[in-house]
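# Residue-level structural notes
These are the residues of each chain, in order.
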Number of protein chains: 2
Amino acid sequence: MTTNERVDLDERLRAAGYRVTGPRRAVWNALRAASGHVTAEQLTAQVTPSGQADQASVYRTLALFEQLGLARQSRLGDADAARWEVAHPDEHFHLVCANCGDIDHHVGSLVSRIRDHLEGDHRFEVRDVELVVTGICARCRDDEDTP
Amino acid sequence: MTTNERVDLDERLRAAGYRVTGPRRAVWNALRAASGHVTAEQLTAQVTPSGQADQASVYRTLALFEQLGLARQSRLGDADAARWEVAHPDEHFHLVCANCGDIDHHVGSLVSRIRDHLEGDHRFEVRDVELVVTGICARCRDDEDTP
DNA sequence: CTAAATGCAAACTCTTTGCAGATCC
DNA sequence: GGATCTGCAAAGAGTTTGCATTTAG
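These notes cover the structure that comes with them. Since the structure is predicted, the reported quantities are computational estimates derived from the model, not experimental observations.

## Focus on the relation of the copies chain A and chain B
- Rotating chain A by 180 degrees and moving it 0.0 Å along the rotation axis overlays it on chain B with an RMSD of 0.1 Å. The symmetry that links the two subunits is that of a two-fold axis. Every residue of chain A has its C-alpha some distance from the rotation axis, and the shortest such distance is that of L131 of chain A, at 2.2 Å.
- When you check the interface residues of chain A against chain B, 100% turn up at the interface there too, and the contact is symmetric in its surfaces.

Structure (structure tokens):
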């Protein structure tokens, strides 16, 4: 599976006329290994000690991945740093727990419903929907109920 | 109406134990005058030349307004700077046009439907919903169709 | 071999902070 | 009068960039 991922990246890069390099593989692997929603700083920490890629390369690589549709950037709520994740083809949105800080994906039909609503009634050509819900997750609610 | 707004701010500040000052009024007025979704920098530009408030005060004041529920901060898409608007009590979300840069409010039942969905099925206590849709607005689509 | 990519360090943007002096109540 | 707030300037995060060197194709 690791092999599959790597091959996929290589092909995508070559297909777009970019070179396959160590730093790019390293950032890609770190991004996949992360549970999603990592900052560039976290990826850098993961990748610089072993000398796989410099901080500047991490930023440059992430920008490239975004452009190629491989990664997705988002600023959840009022967070200071941008967060990165592997681009998912499926409709999803983010649930941010204000208590424990956990960020969950929530897959559902909501995003496509929003899409349909805007395309139909309002003639707005939707390119991207970013839905971030802040609140208290089920686990934290349970902890509060039974202290 | 300008009087009403000012009185409202004054009361809100006093009720929370804060002082009514020139800079706070100036930032509030600039925020109301703006069509929404202004950056702190834009507000500063509006307010510093006439010596009504310093940049640092703009930031401090906006943070205070947010805490009092008078203003709302959001980072639309991958924008670098945060954008501010007067807090609306009604359910709404943002439509960002990738072509002309226009940001529209869209008022509708979608946000409350998202809320209900999560509260009901998933026991997630919703505190805030931020929905940002990026795409091409109706006007820009028309311009492309009829060049 | 040559264009593209990297590392390093410095620059840049947005935002926050420390502190002396001004201001509201 | 005394705590709160402000302006100024400097510091702090996060991110980008210029340039010499390395590297993939």
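## Re the protein's contact with DNA strand C
- Close to DNA strand C lie 23 residues, the nearest being D54, S57 and R60 of chain A together with R19 and Y59 of chain B.
- In DNA strand C, atoms within 4 Å of the protein come 64% from sugar and phosphate.
- With respect to DNA strand C, the side chain of R19 of chain A contributes an N or O atom lying 3.1 Å from a base nitrogen.
- Contact between DNA strand C and R60 of chain B: a base oxygen at 3.5 Å from a side-chain N or O atom of the residue.
- Of all the elements in the fold, those that place two or more residues in the surface near DNA strand C are helix 2 (22–33) and helix 4 (55–67) of chain A together with helix 4 (55–67) of chain B.
- When residues in the surface near DNA strand C are grouped by element, the largest group, four residues, is from helix 4 of chain B.
- In terms of residue class, the surface near DNA strand C is built from nine nonpolar, four polar and ten charged.

## Here we look at the protein's contact with DNA strand D
- Inspection of the region around DNA strand D gives 23 residues, with Y59 of chain A together with T21, D54, S57 and R60 of chain B positioned closest.
- For DNA strand D, the fraction of protein-proximal atoms (within 4 Å) that sit in sugar or phosphate groups is 64%.
- Between DNA strand D and the protein, one listed contact pairs a phosphate oxygen with a backbone N or O atom of V20 of chain A at 3.3 Å.
- Elements that contribute at least two residues to the surface near DNA strand D include exactly helix 4 of chain A together with helix 2 (22–33) and helix 4 of chain B.
- Of the residues assigned to the surface near DNA strand D, the class counts are nine nonpolar, four polar and ten charged.

## Examining the pattern of salt bridges
- Across all of its chains, the model carries seven salt bridges over all chains by this definition.
- Where E125 of chain A meets R141 of chain B, a salt bridge forms, and the shortest distance between an N and an O atom there is 3.8 Å. Note that E125 of chain A is positioned in strand 6 (residues 125–136) and R141 of chain B in helix 6 (residues 138–145), a pairing that runs across two chains.

## Concerning the sheet that holds strand 3 (residues 83–86) of chain A
Residue and element names in this part refer to chain A.
- Reading across from one edge, 1-3-2 is the order of the three strands in this open sheet, with antiparallel pairing throughout. Unpaired on one side and paired on the other, strand 1 (38–39) and strand 2 (71–74) mark the two borders of the sheet.
- Bridge count for strand 1 against strand 3 is two bridges, and the pairing is antiparallel. Bridge pairing in strand 3 links T39 to R83.
- Packed on one face of the sheet, helix 2 meets strand 1, strand 2 and strand 3 and runs near 90 degrees to strand 3.

Cut-offs applied
- Residues numbered from 1 in each chain as written.
- Chains lettered and ligands numbered in written order.
- Predicted model: local features only at pLDDT ≥ 70, side-chain atom pairs only at ≥ 80, totals over all residues.
- Heavy atoms only, no water.
- Least-squares fit on C-alpha atoms with pLDDT ≥ 70 in both.
- Contact = heavy atoms within 4.5 Å.
- Near = heavy atom within 4 Å.
- Polar contact = N/O pair within 3.5 Å; in protein donor to acceptor, adjacent residues only side chain to side chain.
- Helix = DSSP H or I, 4+ residues; strand = E, 2+ residues; numbered from the N terminus.
- Nonpolar A, V, L, I, M, F, W, Y, C, P; charged D, E, K, R; others polar.
- Salt bridge = Lys/Arg side-chain N within 4 Å of Asp/Glu carboxyl O.
- Pairing = 2+ DSSP bridges.
- Axes fitted to C-alpha atoms, helices over the stretch in contact; angles between N-to-C directions.

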